[in-house]
Amino acid sequence: MASISIQNVYKNYGALNVLREFSLEIEDGEFVVLVGPSGCGKSTMLKILAGLEPASGGRILIGGRDVTDLAPGDRDIAMVFQNYALYPHLTVRDNIGFGLKMRGIPAAEIRRRVDEAARILAVEHLLDRRPKQLSGGQRQRVALGRAIVREPQAFLMDEPLSNLDAKLRVHMRAEISALHKRIGVTTIYVTHDQIEAMTMADRVVIMKDGLIQQIADPDTLFQKPKNLFVASFIGSPGMNFLSTAPADGAAIKLFGKKVPVNVSADRLKQAHSNGGIVAGIRPEYISTEGGGTEFIVRPSLIESLGSEKYVYFDAGEHTFSGLNDEEARKGLIARLAHSSPLAEGEELKLSFDPARVHLFEGRSGEALN
Amino acid sequence: MRKRKLIDLARPSRQHWLGYILLAPAVILVAAIIAYPLLISIDISFQDVKLPRMGAARKPFTLENYQDLFSSPEFWHTCWVTLKLVVVVTTACLAVGLATALLVNNRFRGRRIARLAVALPWAVPEVIATVIFAWIFDSSFGLMGWLFIKLGLANQMVAWFSDTTAAFWVVATTMVWKGYPFVSIMCLAGLQSIPEDFYNAAKVDGASALQRLRWITIPSLMPVLGVTMVLVVLWVFRDFSIIKVLTDGGPLKATQTLSIMTYNEAFGFFKFGYASAVGVITLLLCVIASMAMLGRGSKAMY
């Protein structure tokens, strides 16, 4: 187990900048998730960390040791791959023990450690099978076994759950978290799934276009997103964005009402001239209970999930199309824990707490509050 | 109403008709030029036929050809030569083919040209390649003799085709040169289907380049190598033109394989019955060898 220090690592492919200056201090035993849309540089960062790809510049220290130009095998890390990379010609036992065998560890010791790892992951009964005879979840466990058997300084995981079906993914997610709590090895986990990031991480690093957007624990990320991208990426369904204008004083105009916000009037005016003000309200903070700012809508679509309902409605004059067209077309969503029947096209009174409103500057996307 | 077609092959119940119709020409052709002669030669091998003629009366059934064959030292010697050649040429072809495939599988400038160069011997017609090798190993003007003198391995020009051992190795060398590109192409295709992550995982696990070859590349290539080996073995068994042009089985029958023997007995000594027996035995050996190797080699692992 060790701390990891990534200092100003960047990567270019010719003129293409896939990873800008990336710096991150990871504490011993921490579970850090790198998350972002595809092509954001998260996998590249992991490969550089593993030593499978050279960095164009910067330094990496694992447990205080400079490993920037060390071979992958000399870094004392273990990696779990998206497609598990289990060798089809070897049994599960040989797959798990592969790394130990390559390091010339005596057979008896390998046997003991493989048995131990298999016990932890509950795959003891599968040891003599071959990977093709295993189910997806079992393969996933074997791949984890191959990592833990080495007792490395750190685990690197590259989208390890993306090949599993939805139900198994939830299960394995919890299992990996439990495993991390149990053996406490520093883990760096790459995913494009914000739910995985939110549920598993001690700290989340959100990336976009090779740039770190925000580094924070899941709660902070949800409550205080640093910019529009983070706000839109975290949460499901995503945050509603409304294009708005400042009202008199420290307030904005929304649905024809004056909504007080904790941003100074000057700052709001400045932002308004800088590409406009964007207000963000999470679907779960819109309710039918009244209080705060109330407004009337005509739902265009209502989806029932049993325990809750997603109510879609049109943003009207507040339509914001800054992120992408799809975002603008889907309109706004309210997530209501309402059990009585609602009808599409019928007037519905909704409300939100002004304190829950996020404000962003239109051009830069930076958060104002 | 639309007129019904006379033969509507699109009807579900007739789906398989089209398959048979398309297959028929090939099947008829194969039957005419392979199956029929094969049956004839099996038939002849059980008769005392010197020179077969169309319409000649059948000779009585006899096992004499086979009895002669199994008691002939020449036959056993030929079997031994064939076995030696199969083992040497197959091993060398696989080694050289795999090595060159690994080489041109790397990323480097000029990789296309290197791949072409590796595959080139395959494109040269067998007889032409053999004539070139005959010149390389010529006992008066040959390049190889000159090279041996320059390197200090020999004092004078080597008479390659007069010495039984040398002649065998010249034949083997020629066959390897002609045969390895096939292995190389097959291996290259196999190498490209090995997932990159296998190597990444092994690197993270600390496997050296040699360990990656031993534990990942070769096991992953086994299905390809197995099939390729069978094809190379069969090729060495049946190949005729290289030996015919280079040594004609000599000296002292040191390079006479079963296919050369079949030819010599039939068209040299006009003992067609006897030659057919050799041919039938060769066929049996080929079937047994390929079945044994396919049974082991092609065991699916994915």
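Remember, it's a predicted structure, so these values are computed and weren't measured experimentally.

Conventions and cut-offs
Residue numbers restart at each chain and count upward from 1, following the sequence in its written direction. Working convention: letters from A go to chains and numbers from 1 go to ligands, in the order in which they are written. With pLDDT at 70 or above as the cut-off, local features in this predicted model cover only qualifying residues; side-chain atom pairs require 80 or more to be listed or tallied, and sums for whole chains, interfaces and linings still use all residues. To obtain the side-chain values, all non-hydrogen atoms of the structure were included, while hydrogens and water were left out. Working definition: a ring pair exists when centres of Phe, Tyr or Trp rings (six-membered ring for Trp) sit within 6.5 Å. Plane angles under 30 degrees give stacked, over 60 give edge-to-face, the rest tilted. By definition, any uninterrupted DSSP run of H or I lasting at least four residues is a helix, any uninterrupted run of E lasting at least two residues is a strand, and each is numbered from the N terminus. Charge over a ring is defined by NZ of Lys or CZ of Arg lying within 6 Å of the ring centre and within 35 degrees of the ring normal. Being paired, for any two strands, means DSSP has found at least two bridges between them. As annotated, the domain borders come from an automatic or database domain assignment. Residue contacts follow a heavy-atom distance rule, with two residues in contact if any of their heavy atoms lie within 4.5 Å. Salt bridges are identified by distance alone: a Lys or Arg side-chain nitrogen within 4 Å of an Asp or Glu carboxyl oxygen. Any pair of N or O atoms that falls within 3.5 Å is considered a polar contact. Within protein, one atom must be able to donate a hydrogen and the other to accept it, and sequence-neighbouring residues count only if both atoms are side-chain atoms. Ten residue types, Ala, Val, Leu, Ile, Met, Phe, Trp, Tyr, Cys and Pro, are classed as nonpolar, four, Asp, Glu, Lys and Arg, as charged, and the remainder, Gly among them, as polar.

To continue, consider the packing of aromatic side chains. The geometry of two aromatic rings is summed up by the distance between their centres and the angle between their planes. According to the stated counting rule, one finds 23 aromatic pairs over all chains in the structure shown. With a centroid separation of 5.9 Å and 40 degrees between ring planes, the pair formed by W122 of chain B and F182 of chain B is classed as tilted. Here the residue W122 of chain B occupies a position in helix α4 (residues 111-123), and F182 of chain B occupies one in helix α7 (residues 164-192), the gap between them amounting to 60 residues. Among the aromatic residues, ring-to-ring pairing joins F133, F137, F148, W160 and W177 of chain B into one connected group. Over the aromatic face of F222 of chain A sits the side chain of R282 of chain A, whose NZ or CZ is 4.1 Å from the ring centroid.

Another aspect to go through is the sheet that holds strand β20 (residues 348-352) of chain A. Backbone-to-backbone hydrogen bonds pair the strands of a sheet. The strands run either parallel or antiparallel. All names here are of chain A. The three strands are arranged β15-β20-β16 in an open sheet whose pairing can be described as antiparallel. Both edges of this open sheet fall to β15 (286-287) and β16 (293-297), since each of them pairs with a single strand only. Taken together, the two bridges between β15 and β20 define a ladder with antiparallel strand orientation. Bridge pairing in β20 places S287 opposite S351.

Here we come to the domain arrangement of chain A. Residue and element names in this part refer to chain A. Under the domain assignment, chain A is made up of domain 1 (4-223) and domain 2 (231-361). When each unit is reduced to the centre of its C-alpha atoms, the spacing between domain 1 and domain 2 is 38 Å. On the domain 2 side, the residues contacting the 10 residues of domain 1 number eight residues. Run the count over domain 1 and domain 2 and you get zero salt bridges. Across the domain 1-domain 2 interface, the total number found is two residue pairs in polar contact (both at pLDDT 80 or more). For the side of domain 1 that touches domain 2, the secondary-structure elements that each account for two or more residues are α6 (194-200) and α7 (218-223). Take the side of domain 1 that touches domain 2: its biggest share by element is three residues, from α7. In terms of residue class, the side of domain 1 that touches domain 2 is made up of six nonpolar, four polar and no charged.

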